[in-house]
Amino acid sequence: MNAPIDTADPYSHAQDAATRLAELTGVDSHDVALVLGSGWLPAVDALGEATAEIDTTDLPGFSAAAVAGHAGKIRSIRSGDRHLLVFLSRTHFYEGKGVEAVVHGVRTAARAGCRAIVLTNGCGGLKDTWTPGTPVLISDHINLTGRSPIVGPRFVDLTDLYSSRLRALCREVDPSLDEGVYVQFPGPHYETPAEVRMAGIIGGHLVGMSTTLEAIAAREAGMEVLGISLVTNLAAGISTQPLNHEEVLEAGRAAASRMGDLLGRVVPRI
Ligand code: 8IG
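Just so we're clear, the structure is a prediction, and the values are computed from it rather than from any experiment.

### What about the overall build of the protein?
Along the backbone of the protein there are six helices and nine strands. Computed over the C-alpha atoms, the radius of gyration of the protein is 17 Å, within 12% of the 18 Å expected from 2.2 N^0.38 for a compact globule of 270 residues. Dimensions of the protein, computed from the C-alpha atoms along their principal axes, are close to 50 × 40 × 35 Å. Here the protein displays about 11100 Å² of accessible surface, and carbon together with sulfur accounts for 51% of that area. For the protein, the distance from the average site of its 22 positive side-chain charges to the average site of its 31 negative ones is 3 Å.

What follows is the structure, encoded as structure tokens:
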């Protein structure tokens, strides 16, 4: 069994996880990391051949996945001359395990050698033209958790946090891709209609419960970040329908081939 994450020294704990990851996968160094959010799991097969799959719980600092549709696994995938490190699940802020646990995978990926990370999620959309199953590039974020994964006087610059180079690459592959500002709420409840209106007023276009803390940790670690949201539902109050998690999983299944095609064409060019 695993000891919980060492909050006093999360960086060396991530180094321990990366060392164990290299042993278990037989891959000394990975190149690009991907974190799959709600609805993205069916797209994973388009990335290439899996050379190893391990349980996250086999690495120091990870605990079991809590959400249906998120398998607690990490896959090492060979894609051309690249080694991809794919997290089939993430730890969410709302699990209450602390911000260090939320970003442990990102820090592990950085220590495993990854120079870029693709953070995906399922989210609510504020534009009614974004029907369920629409992918949207994250151009920037607003972090409403009130927390940072960084402790102490490390004043990390977040200008161009979501790499304009990688967004342009995505648009070369699919010129129809829209972009928007992602607003992370703490969750696990969905927003009220008034909170969704607020998200729009402060400049948001997408609402979700992940990604921003991971993006900050990735930038701190020097990785280039690509964020892609899959709009799985219209945000509360934009839609007249109540929200449910099954709808999220179904939107992912329906959009899988488009997401797979997008990732399969973008990742080799990162
Ligand atoms: I999937 O509408 C998914 N995740 N906060 N709001 C928030 N998170 C989400 C939503 C949503 N849909």
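### Examining the nonpolar core
Counting residues in hydrophobic clusters, the biggest one holds 36 residues, and the most contacted among them are Leu-85, Ile-117, Leu-206 and Val-225. Broken down by element, the residue count for this core peaks at five residues, all from helix 2 (residues 99-111). For Val-225, the contacting residues outside a window of four places in its chain are Ile-117, Leu-119, Leu-161, Tyr-162, Ser-163, Leu-166, Ala-215, Ala-218 and Arg-219.

### So, the state of the cysteines
Counted by the stated rule, this structure contains zero disulfides. The structure places no disulfide on Cys-123, whose sulfur is separated from the nearest cysteine sulfur, that of Cys-170, by 15 Å. Cys-123 gets classed as buried once you look at its relative accessible area, which sits at 3%. For Cys-170, a relative accessible area of 0% translates into the label buried.

### Focus: the pattern of salt bridges
Tallied over the entire structure, the rule returns 15 salt bridges. Ionic pairing is found between Arg-20 and Glu-23, a salt bridge with its closest N-O pair at 2.7 Å. With a gap of three residues between them, Arg-20 and Glu-23 both fall in helix 1 (residues 10-25), about one helical turn apart. Members of the salt-bridge network, linked through shared partners, are Asp-160, Arg-167, Arg-171 and Glu-179.

### A look at the packing of helix 2 against helix 5 (residues 212-220)
The packing of two helices is summarised by the inter-axis angle and the distance between the axes. Packing of helix 2 against helix 5 leaves a shortest axis separation of 9 Å and a crossing angle of 50°. Between helix 2 and helix 5, the interaxial angle falls into the category oblique. Between helix 2 and helix 5 lies a crossing of right-handed hand. Counting all contacts with helix 2, which are made through Val-99, Val-102, Val-103, Val-106 and Arg-107, the residues of helix 5 involved are Leu-213, Glu-214, Ala-217, Ala-218 and Glu-220. Residue classes in the contact of helix 2 with helix 5 are distributed as seven nonpolar, no polar and three charged.

### Overview of helix 3 (residues 164-173)
What helix 3 keeps buried is the set Leu-166, Arg-167, Leu-169, Cys-170 and Val-173. For helix 3, the angular spread of buried residues about the axis comes to 155°, placing them on one side. Capping the start of helix 3, Ser-163 holds a side-chain oxygen 3.3 Å from the backbone nitrogen of Arg-165, two or three residues further along.

### Topic: helix 2
Taking 1.5 Å of rise per residue, 13 residues should cover 18 Å, and helix 2 covers 18 Å from first to last C-alpha, within 8% of that figure. Maximal helix bending in helix 2 amounts to about 40°, located at Gly-105. Across the 13 residues of helix 2, eleven count as buried, placing the element largely inside the fold. Listed in full, the buried residues belonging to helix 2 are Val-99, Glu-100, Ala-101, Val-102, Val-103, His-104, Gly-105, Val-106, Arg-107, Thr-108 and Ala-109. Tucked inside the fold, the buried residues of helix 2 contact helix 1, strand 1 (32-35), strand 4 (82-87), strand 5 (116-125) and helix 5. Directly after helix 2, the chain includes Gly-113, whose backbone phi takes a positive value near 110°.

Conventions and cut-offs
Residues numbered from 1 in each chain as written. Predicted model: local features only at pLDDT ≥ 70, side-chain atom pairs only at ≥ 80, totals over all residues. Heavy atoms only, no water. Helix = DSSP H or I, 4+ residues; strand = E, 2+ residues; numbered from the N terminus. Rg over C-alpha atoms; globule rule 2.2 N^0.38 Å. Areas by Shrake-Rupley, 256 points an atom, 1.4 Å probe, with all protein chains shown as cover. Lys, Arg positive; Asp, Glu negative; His and termini not counted. Charge placed at Lys NZ, Arg CZ, Asp CG, Glu CD. Core = buried A, V, L, I, M, F, W, Y, C linked by side-chain atoms within 4.5 Å. Buried < 20%, exposed > 50% of the residue type's maximum accessible area, 1.4 Å probe, protein only. Contact = heavy atoms within 4.5 Å. Disulfide = S-S within 2.5 Å. Salt bridge = Lys/Arg side-chain N within 4 Å of Asp/Glu carboxyl O. Axes fitted to C-alpha atoms, helices over the stretch in contact; angles between N-to-C directions. Parallel < 35°, antiparallel > 145°, perpendicular 65-115°, else oblique. Left-handed = near helix turned anticlockwise from the far one by under 90°. Nonpolar A, V, L, I, M, F, W, Y, C, P; charged D, E, K, R; others polar. Arc of directions from axis to C-beta. Polar contact = N/O pair within 3.5 Å; in protein donor to acceptor, adjacent residues only side chain to side chain. Expected span 1.5 Å × (residues − 1). Bend = angle between axes of the 7 residues up to and from the residue.

It is worth stressing that arrangement in space is one thing and function is another; only the former is reported here.
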